[in-house]
Amino acid sequence: MSKKVKVKRVGFAIDMTPLVDITFLLLTFFMFTATFKTQAESEQKFVVQRPATTPSDTSKLPDRDLATIKIAIDTTTFDTVYYYEVVNETDRMKVWQNTQGIPEEMLSKAQLQVSKEVLNELVKNTRLVNSTTLFAIDADKRLRFEYINDAMDILRKNRATVFSYVTDKQQ
Amino acid sequence: MAGGGQLGGGSKPKRGKSNRKQTKRQGFHLDMTPLVDITFLLLTFFMFTTTMAAPQVLDMTIPPEIDVEVEVRESELLSIYVRDDNKIFWAKGSEDPQSIVLKDIQALSERENLDPAVRNKLIVALKVSKDASYGLIVQILDKLNLAEGKITEEIMKELDENGEPKKRERRFTIAILTDEEIEKLQGV
């Protein structure tokens, strides 16, 4: 007689429907809230540690007609470097072409590394090309105020007296 | 064989018989594993690449010319100094500077701006050393902005001649420390 060894097969049937439901919900949420880097941000090799301010709902960085003066600390040489970026592409092309002191190969870039004199020219040309451009200063919090004051002087000389500092939310 | 759809077998056709009624029963078993795989991949991609909020800004308005001398009454001036070692001081008018900590700046601004003698007329001047840290300056500006909320609320409780609530007139300026101010702060 053969001994019948009974192997108890226990069946698990998990219904995956709610799992897939929630996953798709999360996916669509993130699809709608994802923002992609601007051309300037993707060319940027440095990171600016922004100063922190208390969170407020009222002030957000505008996403068009914006020109940003970035003051960053170079990661290798620890020098302070000025960068200039114009978001609007048509304005940017005109400003880049009208300004001397910009080498040929940089004309297609969204963001330029500049000296203070060239920065002054760029701000002046930006105001001429589009007088509604808003300015922002995006500077590293570790910098000495002198550099930011120089950037503010350039804006003041070109009569852009209303501008913004870009900051991070304070945790 | 793992995965893959499989058609349930149809019934075998009967051979050689005249009645070829084939009731083909076809059952569909669609395996959803790759669907869920890709969905999770997309989800994690978006989770990593999304940025939740646009960067915040602190709005600034600066006077067009700073070299012009402006007549200011001592009693209507509150100066906040930041020295090169990032220590903060304040002085009312031409009094001696006293030291102050960052978290007390908001209370200072509220108290001095709502002082009955100079309500809505006080000029706040932030004088900064060239070597002071920019991050600290932004935090001071932030505290001063926070104080504006309460100040504006108090000012608007009063009515002006037309019976309308008074408007807040904020007078603020930011500039680099002059040499004499640096001298004055040496000893504090």
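Everything below is about the structure printed above this text.
Residues numbered from 1 in each chain as written. Chains lettered and ligands numbered in written order. Predicted model: local features only at pLDDT ≥ 70, side-chain atom pairs only at ≥ 80, totals over all residues. Heavy atoms only, no water.

**Q** Would you mind going over the side chain of Ser109 of chain B with me for this structure?
**A** Relative to the assigned elements, Ser109 of chain B resides in helix H2 (residues 105–113). Setting aside its immediate chain neighbours within four residues, Ser109 of chain B contacts Leu144, Ala147 and Ile151 of chain B. (Helix = DSSP H or I, 4+ residues; strand = E, 2+ residues; numbered from the N terminus. Contact = heavy atoms within 4.5 Å.)

**Q** What am I meant to see in helix H3 (residues 134–155) of chain B here?
**A** Since the α-helix advances by 3.6 residues per turn, residues separated by three or four positions end up pointing in the same direction. Taking 1.5 Å of rise per residue, 22 residues should cover 32 Å, and H3 of chain B covers 31 Å from first to last C-alpha, within 8% of that figure. The principal kink in H3 of chain B, of about 25°, is found at Gly149 of chain B. (Expected span 1.5 Å × (residues − 1). Bend = angle between axes of the 7 residues up to and from the residue.)

**Q** Got a minute to help me understand the interface of chain B and chain A in this structure?
**A** Quoted interface sizes are often the accessible area lost when the parts come together. Facing 41 residues of chain B, the contacting portion of chain A comprises 46 residues. When the two sides are added together, the surface that chain B and chain A hide from each other amounts to roughly 4000 Å², 66% of it contributed by carbon and sulfur. Remark: the boundary between chain B and chain A carries one salt bridge. The salt bridge partner of Arg144 of chain A is Asp131 of chain B, with a shortest N-O separation of 2.6 Å. Every element with two or more residues in the side of chain B that touches chain A is listed here: helix H1 (33–49), strand E3 (56–61), H3 and strand E8 (171–176) of chain B. With nine residues, H1 of chain B is the largest single contributor of residues to the side of chain B that touches chain A. In the side of chain B that touches chain A, the residues fall into 27 nonpolar, 10 polar and four charged. In terms of strand pairing, strand E6 (residues 162–169) of chain A meets E3 of chain B through six bridges, oriented antiparallel. If you follow Tyr165 of chain A over to E3 of chain B, its bridge partner there is Leu58 of chain B. (Buried area = accessible area lost by both parts, 1.4 Å probe. Salt bridge = Lys/Arg side-chain N within 4 Å of Asp/Glu carboxyl O. Nonpolar A, V, L, I, M, F, W, Y, C, P; charged D, E, K, R; others polar. Pairing = 2+ DSSP bridges.)

**Q** I keep staring at the packing of aromatic side chains and nothing clicks. Help me out?
**A** Each aromatic ring pair is described using two quantities: the centre-to-centre distance and the angle formed by the ring planes. For the coordinates displayed, the defined rule picks out five aromatic pairs over all chains. On the numbers, 6.3 Å between centres and 40° between planes, the contact of Tyr84 of chain A with Trp96 of chain A is tilted. One end of the pair, Tyr84 of chain A, is in strand E3 (residues 80–86); the other, Trp96 of chain A, is in helix H3 (residues 89–98), with 12 residues separating them in the sequence. For the pair Tyr84 of chain A and Trp96 of chain A, a shared accessibility class is recorded, and that class is buried. Centroid distance Phe163 of chain A to Tyr165 of chain A: 5.9 Å. Interplanar angle 75°. Geometry classified as edge-to-face. Residue classification places Tyr165 of chain A among the buried residues on the basis of a relative accessible area of 1%. Each residue in the set Phe163 and Tyr165 of chain A together with Tyr134 of chain B is aromatic and connected to the rest through ring pairs, giving one cluster. Over the ring of Phe172 of chain B we find Arg170 of chain B, and its NZ or CZ is 5.3 Å from the ring centre. (Phe/Tyr/Trp six-rings, centres within 6.5 Å; stacked < 30°, edge-to-face > 60°. Buried < 20%, exposed > 50% of the residue type's maximum accessible area, 1.4 Å probe, protein only. Lys NZ or Arg CZ within 6 Å of the ring centre and 35° of its normal.)

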